[in-house]
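Working through the structure, step by step
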Amino acid sequence: MTVLAGLRGLTIAAVAVTAVLTSAYLLGSSSAPADRAAPDPTPAPAPGPPTRSGPDPDLVPPPARSTAAPSSPAGAPDPDQLDPEQPDPEQPAARLPAYAPLAPDRSGPHGTRRTSGSAAVALTFDDGPHPVHTQQTLDVLRQFEVKATFCLVGRNVVAHPELVRAIAADGHTLCNHSWSHDFDLGGYPTAAIRADLIRTSEAIRAAAPGHPVSYYRQPGGFWTPAVVEVARELGMTSIHWTIDPADYFQPGAGSITATVTAQAVPGSVVLLHDAGGNRTGTVLALRSILPNLRQRFLVDALPPMAEPADQRSRRLHLRTGQI
């Protein structure tokens, strides 16, 4: 019995060892081919048109802006070597005023000026030049030896440049009154306002070379901060008015004369018109207004501001608070 039990134990052990070896062989033979034959998880691309190499431009951040100064093209002047007294030939003349505008006047709309800046009464004429009424106005002013300020509309300047030259030759001050007398100009984008004012000033300068365009007046008095700021950037003082006899409604010479002579005080700016309608009444009124005002006040044009501000102030005998 003992021998049989020992043989039975050896048999069972042999069977168990055989089973273990068989299982190991089977496992090894099944896993190795699987590792070697594992398919690529990324499928091969289908044939198609060639693609550009490099990163996807839609995913690439924009390049950082260089802070280095760009090199000047061949033949271009070095900006560091330019004479500061000479205008840049690449810039329009209207962007390079040779004078500084007067300081803002807190009493005017959006910082516009309502006074002449001195004791003088200043007559201003809007909307010209006109082939009939502007010449008549000049004749009366010449007769009474009075200088005034003419606020000129660009398209009228182009139509009658000879009258602009006559205005300048008589010593009157030139004022920009926009290109087409657009009441809404002040509400346009800044770039549009700037383009309008530059176009008008350049037309005036082309008609009367060498004469500064020192002032800007917004058509209808519809001022906005934007139009005042653009005018100032271009070297122009925005000028409003103190006295408005409403001559654009053609109330008659008597009414125009009565309003101006009754309301005039030192420093007044008088709004009149030499175009934009029949201005016969205004011209007739001038024959009464001018001798009346000259007896009581200095009557003069707004200063053309071709001088440095400190010299201009001394010449006009400005009082504290006037500029």
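Owing to the predicted nature of the structure, the values given are computational and were not obtained by experimental measurement.

1. Focus: the sheet that holds strand S3 (residues 173-176)
If you trace the six strands from one edge of the open sheet to the other, you get S5-S4-S3-S2-S1-S6, paired in parallel fashion. Whereas interior strands pair on both sides, the edge strands pair on one side only; in this sheet they are strand S5 (237-238) and strand S6 (269-273). For strand S1 (residues 122-128) and strand S2 (residues 149-152), the ladder comprises four bridges, and the chain directions are parallel. From the neighbouring strand, Thr124 faces S2, where its bridge partner is Thr149. The strands touched by helix H2 (residues 133-143) are S1 and S2; relative to S2, the strand with the most contacts, the crossing angle is about 170°. Against the sheet, helix H8 (residues 280-296) contacts S1 and S6, and its axis sits at roughly 165° relative to S1.

2. With respect to the pairing of S2
The two faces of S2 match: Thr149 and Cys151 on one face and Phe150 and Leu152 on the other face are all buried. Between the parallel elements S1 and S2, the chain passes through H2 in a crossover that is right-handed.

3. Here we look at the pattern of salt bridges
Counted under the stated rule, the structure contains four salt bridges. Taking the shortest distance from any N to any O, the salt bridge between Arg142 and Asp139 comes out at 3.1 Å. Here Arg142 and its partner Asp139 are both found in helix H2, three residues apart, which amounts to about one turn of the helix. With relative accessibility at 43%, the residue Arg142 sits in the partly exposed group. On the accessibility criterion, Asp139 (36% relative accessible area) is partly exposed. Here Asp170 makes a salt bridge to Arg142, at a shortest N to O gap of 2.6 Å. Of this pair, Asp170 sits in the loop between helix H4 (161-169) and S3 while Arg142 sits in helix H2, and the two are 28 residues apart along the sequence. Shared partners join several salt bridges into a network, and the residues in it are Asp139, Arg142 and Asp170.

4. Remarks on helix H7 (residues 253-263)
Burial in H7 covers these residues: Ile256, Thr257, Thr259, Val260 and Thr261. Where H7 is buried, its residues contact S6 and H8.

5. So, the nonpolar core
By size, the foremost hydrophobic cluster in this structure holds 48 residues, and its most contacted members are Leu123, Leu197 and Leu293. Ignoring any residue separated from it by four or fewer positions in sequence, one finds Leu197 in contact with Asn176, Leu185, Tyr216, Val230, Ala231, Leu234 and Met236. Core analysis: the next-biggest nonpolar cluster, separate from the first, contains 10 residues, Cys175, Tyr215, Ile239 and Trp241 among them.

6. Concerning the packing of aromatic side chains
A complete count under the given rule lists four aromatic pairs for this structure. Each ring, one from Phe125 and one from Phe150, has its centre 5.3 Å from the other, and the planes form 25°; the classification is stacked. One end of the pair, Phe125, is in strand S1; the other, Phe150, is in strand S2, with 25 residues separating them in the sequence. Relative accessible area serves as the criterion here: at 0%, Phe150 is assigned to the buried category.

7. Regarding the confidence of the model for the chain
For the chain, the average pLDDT comes to 75, and 62% of its residues sit at 70 or higher. Throughout residues 1-7 the model reports pLDDT below 50, and contacts reaching past four residues in sequence, or to other chains, amount to zero contacts. Per-residue pLDDT stays below 50 along residues 19-98; that stretch engages in 22 contacts with residues further than four places along the chain or on separate chains.

8. Here we look at the side chain of Gln218
Considering the arrangement of structural elements, one finds Gln218 in the loop between strand S4 (213-216) and helix H6 (225-233). A relative accessible area of 0% means that Gln218 is categorised as buried. Within polar-contact distance, the side chain of Gln218 engages the side chain of Tyr216 at 2.6 Å. When residues no more than four places from it in sequence are discounted, the contact partners of Gln218 are His177, Asp182, Phe183, Leu185, Gly186, Trp223 and Val227.

9. Some details on the packing of helix H5 (residues 190-207) against H6
Two elements in contact, H5 and H6, have axes separated by 10 Å at closest approach and are oriented at 50°. Overall, the two elements H5 and H6 adopt an arrangement that is oblique. Handedness of the H5/H6 crossing: right-handed. Here Thr190, Ile193, Arg194 and Leu197 of H5 come into contact with H6, specifically with Ala226, Val227, Val230, Ala231 and Glu233. When its residues are assigned to classes, the contact of H5 with H6 shows six nonpolar, one polar and two charged.

Definitions and cut-offs
Residues numbered from 1 in each chain as written. Predicted model: local features only at pLDDT ≥ 70, side-chain atom pairs only at ≥ 80, totals over all residues. Heavy atoms only, no water. Pairing = 2+ DSSP bridges. Helix = DSSP H or I, 4+ residues; strand = E, 2+ residues; numbered from the N terminus. Contact = heavy atoms within 4.5 Å. Axes fitted to C-alpha atoms, helices over the stretch in contact; angles between N-to-C directions. Buried < 20%, exposed > 50% of the residue type's maximum accessible area, 1.4 Å probe, protein only. Right-handed = clockwise from strand over helix to strand, strands pointing away. Salt bridge = Lys/Arg side-chain N within 4 Å of Asp/Glu carboxyl O. Core = buried A, V, L, I, M, F, W, Y, C linked by side-chain atoms within 4.5 Å. Phe/Tyr/Trp six-rings, centres within 6.5 Å; stacked < 30°, edge-to-face > 60°. pLDDT = per-residue confidence, 0-100. Polar contact = N/O pair within 3.5 Å; in protein donor to acceptor, adjacent residues only side chain to side chain. Parallel < 35°, antiparallel > 145°, perpendicular 65-115°, else oblique. Left-handed = near helix turned anticlockwise from the far one by under 90°. Nonpolar A, V, L, I, M, F, W, Y, C, P; charged D, E, K, R; others polar.

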